[in-house]
Amino acid sequence: MSEPDTETEARRIATEARDRARFEEEALALADQVYRVARRLVGSREEAEDLVQETYARAFRSWRSFTPGTNLRAWLLRILTNLNVDRGRKLQRTPQTQPLEETDYYLANKVASAAGEEALEADEVVERLSQDSIVKALADIPPQYRDAVVLVDIGDFTYADAAQILDVPIGTVMSRLHRGRRALKQHLAEEALG
Amino acid sequence: MSHEPCGRCEELLQDYLDRTLTDVEWREAESHLADCDYCARRYKFEESLRRYVRTTALERMPPGLMAKLSELRGLDATS
């Protein structure tokens, strides 16, 4: 190899090291948000921690496949949801599928009829729900629905981003999201009204 | 007084809160909500429920996790 080639090669290596360090910094800056989604997808804190570590290990190994300028948070969460499907899901208790109330007003109506129409104050009902209620309710809904609800309602992803992360068409995300929200409401209603 | 059947308003509920309605549908929902106490209460309820779902999830990483993640930097594709 002639000398200019060695120089070019050295420059290439330096550039790559810099790009890589930048990628790693940007990915780490998103760790809180990634953890938050993981925490709602799996049952326990420990599992969420493991899942996030696996996600970052895979992300750092395959950093070259990330296209700079695209949505890094979505890219990381795509790795995370795939890992979650691969690993835990088979072991997780399969939630019982209950017939869904096919109405969006379900929970509000149920509360209204239990408390008397005048007493329906949204905040009062929501106050009865604890931090744990949501964890329990999410654990009890089917995983595909849960993924959609967690990504859109907690992760703040658009339908399009969620579709990309879950690798399904947007229409599928929307129908899973709507069914997931209804299932979640049913569980929360049972929790709030005992 | 209500001009639209409430079923239509319920149908628009999720997309209204997601802000994905068309302009025409948005105006339809807004004008119905202004007139219909029943739907207005239910929309308000749904909104606070969504806030609950979002805010209960505002949990920071456990201490120590960031350090573990930082240690993963530089992982090789072959390792």
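**Things to note about helix 9 (residues 159-166) of chain A**
The element helix 9 of chain A is extensively covered by neighbouring structure, given that six of its eight residues are classed as buried. Of the positions making up helix 9 of chain A, those classed as buried are Tyr159(A), Asp161(A), Ala162(A), Ala163(A), Ile165(A) and Leu166(A). Tucked into the core, helix 9 of chain A has its buried residues touching helix 4 (72-86), helix 8 (143-154) and helix 10 (170-193) of chain A together with helix 1 (6-18) of chain B. The positive-phi residue at the C-terminal boundary of helix 9 of chain A is Asp167(A), with phi of around 60°.

**Examining the interface of chain A and chain B**
At the junction of the two partners, chain A supplies 49 residues and chain B supplies 42 residues. Across the chain A to chain B interface the summed buried area is about 4300 Å²; carbon plus sulfur atoms make up 56%. Inspection of the chain A/chain B interface yields six salt bridges. Arg60(B) is the salt-bridge partner of Asp32(A), the closest N and O atoms lying 3.0 Å from each other. For the pair chain A and chain B, the number of links is 13 residue pairs in polar contact (both at pLDDT 80 or more). Elements supplying a minimum of two residues to the side of chain A that touches chain B: helix 1 (3-29), helix 2 (31-41), helix 3 (45-61), helix 5 (106-115), helix 6 (122-127), helix 7 (131-139), helix 8 and helix 10 of chain A. Ranked by residue count, the leading element in the side of chain A that touches chain B is helix 3 of chain A, at eight residues. For the side of chain A that touches chain B, the per-class residue count stands at 23 nonpolar, seven polar and 19 charged.

**Describing the environment of Val135(A)**
Residues and elements named next belong to chain A. Here Val135 shows up in helix 7. Take Val135: its relative accessible area is 21%, and that puts it in the partly exposed class. Separated by 94 residues in the primary sequence, Val135 and Leu41 place their C-alpha atoms 9.1 Å from one another. Those residues in contact with Val135 that sit more than four places away from it in its chain are Arg40 and Gly43.

**Section: helix 3 of chain A**
Taking 1.5 Å of rise per residue, the 17 residues of helix 3 of chain A would be expected to cover 24 Å, and the 24 Å separating its terminal C-alpha atoms lies within 8% of that figure. Within the span of helix 3 of chain A, buried status applies to Ala48(A), Glu49(A), Leu51(A), Val52(A), Thr55(A), Tyr56(A), Ala57(A), Ala59(A) and Phe60(A).

**Quick notes on the pattern of salt bridges**
This structure, assessed with the given rule, holds 19 salt bridges over all chains. Here Asp19(A) makes a salt bridge to Arg22(A), at a shortest N to O gap of 4.0 Å. Of the two residues, Asp19(A) and Arg22(A) are both situated in helix 1; the distance of three residues between them amounts to about one turn of the helix. Overall, Arg22(A) belongs to the partly exposed group, its relative accessible area being 46%. Between Asp156(A) and Arg54(B) there is a salt bridge whose closest N-O contact spans 2.5 Å. Residue Asp156(A) is found in the loop between helix 8 and helix 9, and its partner Arg54(B) is found in helix 3 (residues 37-55); the two belong to separate chains. Among the charged side chains, a salt-bridge network with shared partners connects Glu9(A), Arg12(A), Glu16(A) and Arg64(A).

What counts, and at which threshold
The numbering scheme is per chain: residues are counted from 1 as the chain's sequence reads. Note on labels: chains are lettered from A, ligands numbered from 1, in written order. Local features are withheld for residues below a pLDDT of 70 in this predicted model, meaning they are given only at 70 or higher, and side-chain atom pairs are given and counted only at 80 or more; totals for whole chains, interfaces and linings count all residues. To obtain the side-chain values, all non-hydrogen atoms of the structure were included, while hydrogens and water were left out. Throughout, exposure labels follow a simple rule: accessible area from a 1.4 Å probe, protein chains only, divided by the maximum for the residue type, with under 20% read as buried, over 50% as exposed, and the rest as partly exposed. Under the scheme used here, helices are H or I runs from DSSP no shorter than 4 residues and strands are E runs no shorter than 2 residues, and both carry numbers assigned from the N terminus. We call two residues contacting when some pair of their heavy atoms lies within 4.5 Å. When two components associate, each loses some accessible surface as probed by a 1.4 Å sphere; the sum of these losses over both components is called the buried area. A side-chain nitrogen of Lys or Arg and a carboxyl oxygen of Asp or Glu constitute a salt bridge if their distance falls within 4 Å. For this analysis, a polar contact is any N or O atom pair within 3.5 Å, provided that within protein one partner can donate a hydrogen and the other can accept it, and provided that sequence-adjacent residues contribute only side-chain to side-chain pairs. Residues are grouped as follows: nonpolar covers Ala, Val, Leu, Ile, Met, Phe, Trp, Tyr, Cys and Pro; charged covers Asp, Glu, Lys and Arg; every other residue, Gly included, is treated as polar. By this rule the span expected of a helix is its residue count minus one, scaled by 1.5 Å.

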